Amino acid sequence: MPATWSLDAAPPGLHLPGPAVADLLDAATGRATASRMLAFINRLVPVEYLSLVEFRHDVPELVEGSAEHAHGRDVVAECFAIYRRSYFQSDAVMPLANRVGGQPSNQVAALHCHANELPVAGWRNDIYVRERLTGRLSLLHAPAPGAVFGIHLYRDERQGVFQPAHIEQLLAVAPLLRQVHQAALQAAPPAQDRDSRCARAWAALGVRVPALSPRERAVCARIACGMSADGIAADLDIAPSTVLTLRKRAYLKLGDAGLPTNRLALAQLAALPLLPH
C-alpha cells in the first residue's frame, strides 16, 4: 500500500548546502520553478523527473515539468497525457488531494508509491515500465482553500527505488518546498491564466480563419498560447498523434488562406484586435 505522511515544519537543525539554498531561492521567483526545484532536490537525493500539478475540479492539470537528463522529448508531458487520459482516477493521490483541500496552507501531505504498488497494470506498463520508473513521491499542499497543488518526484532504474533514507531527507525539506512553491505562485505574473488566453485565441481564430474545424481551432489556439503537442494532448484529452494530425490539417487551411504556418504567426494572429462591426 502507498505510504502517506502529514508535515507542517522542517525539522530543527536542518542543514542545507549553500548551492542548494541558491537553487531554492531561485525557484521562489516564479521563473522555471520546476527545473529549479529539481536542481535543489538533486543536491540531496537523485531524482529524474519533477512535475508540478494543479488539481482542478477533481481533475489533475500539468502546470510544469522538468527532467534531470536530456531525453530528446518531453517525457513528463507525454506520460501525463497518458495518465490523465486513462489512469488518474485510480491514483491514491486523488482522494488525498481532496483531503488536502480542506487543510491549513502550512500543511504538506506526502505519498510514496512504488511502481509495483500501482493498482492498474496498464498504468504500470504504459508509463512506469516504458520509462523505467521505479517510484513516485508526491508532496501536496493547498495555498488557498480549494486550490491544491502537487509536486511529484520520480526516480528511474539508474537511480533505483526511493530508499527509506531518501524519503526521510525529502520529507525533511517538504515544508520548505511548499513555502517555495507558494512563493513562486504569488510571484508569477498576474497575467491572464492559460484557459483565458486559449479562449481568446479560440475566438480570434474563429473570426480570422473560419475554415478551421472546432478541433483544429482548439489545437491552433493552444499552439498560439505556447503549449507543446504533448501539453495540448493532455489538455484536450486526445492522443499526441491526433494533435499532430489536427495541426497538419489546420496548417494546410492556413496556407490556403495565404497565412503563415508557424507558432509565432499563430500567436500574432490570435493577438490582433478584432475590428468593430
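The structure this text deals with has already been given above.
Values in this document were obtained by computation on a predicted structure and should not be read as measured data.

1. Quick notes on the pattern of salt bridges
Between side chains of opposite charge, a pair can form as their charged atoms come close.
Here is step 1: Using the criterion set out here, one finds 14 salt bridges in the structure.
Here is step 2: Across the salt bridge formed by D91 and R136, the nearest N and O atoms sit 2.8 Å from each other. Here D91 is found in the loop between α3 (75-86) and α4 (93-100), whereas its partner R136 is found in strand β5 (residues 133-144), with 45 residues between them in sequence.
Here is step 3: By relative accessible area, D91 is classed as buried at 4%.
Here is step 4: When its relative accessible area of 2% is taken as the criterion, R136 is described as buried.
Here is step 5: Members of the salt-bridge network, linked through shared partners, are R73, E78, R130 and E131.

2. A short note on unusual backbone geometry
Here is step 1: At R132, a position not held by glycine, the phi torsion is positive, near 60 degrees.
Here is step 2: The residue R132 is located in the loop between α5 (121-129) and β5 in this model.
Here is step 3: The class of R132 is exposed, set by a relative accessible area of 52%.
Here is step 4: Positive phi, close to 60 degrees, is recorded for D237, a residue that is not glycine.
Here is step 5: Examined against the element boundaries, D237 turns out to sit in the loop between α9 (229-236) and α10 (240-256).

3. Structural notes on the packing of aromatic side chains
Here is step 1: Scanning all chains against the criterion turns up four aromatic pairs.
Here is step 2: Ring geometry for F80 versus Y83: centroids 5.9 Å apart, planes at 45 degrees, classification tilted. Placement of the pair is F80 and Y83 together in helix α3, with a separation of three residues, close to one helical turn. Just as F80 is buried, Y83 falls in that class too.
Here is step 3: The interplanar angle of 45 degrees and the centroid separation of 5.8 Å between the aromatic rings of Y83 and W123 together place this pair among those described as tilted. Note that Y83 is positioned in helix α3 and W123 in helix α5, a separation of 40 residues in sequence. The pair Y83 / W123 is uniform in exposure class, with both members buried.
Here is step 4: Site record: aromatic cluster; members linked through ring pairs are F80, Y83, W123, Y128 and Y154.

About the cut-offs
- Residues numbered from 1 in each chain as written.
- Predicted model: local features only at pLDDT ≥ 70, side-chain atom pairs only at ≥ 80, totals over all residues.
- Heavy atoms only, no water.
- Salt bridge = Lys/Arg side-chain N within 4 Å of Asp/Glu carboxyl O.
- Helix = DSSP H or I, 4+ residues; strand = E, 2+ residues; numbered from the N terminus.
- Buried < 20%, exposed > 50% of the residue type's maximum accessible area, 1.4 Å probe, protein only.
- Phe/Tyr/Trp six-rings, centres within 6.5 Å; stacked < 30°, edge-to-face > 60°.

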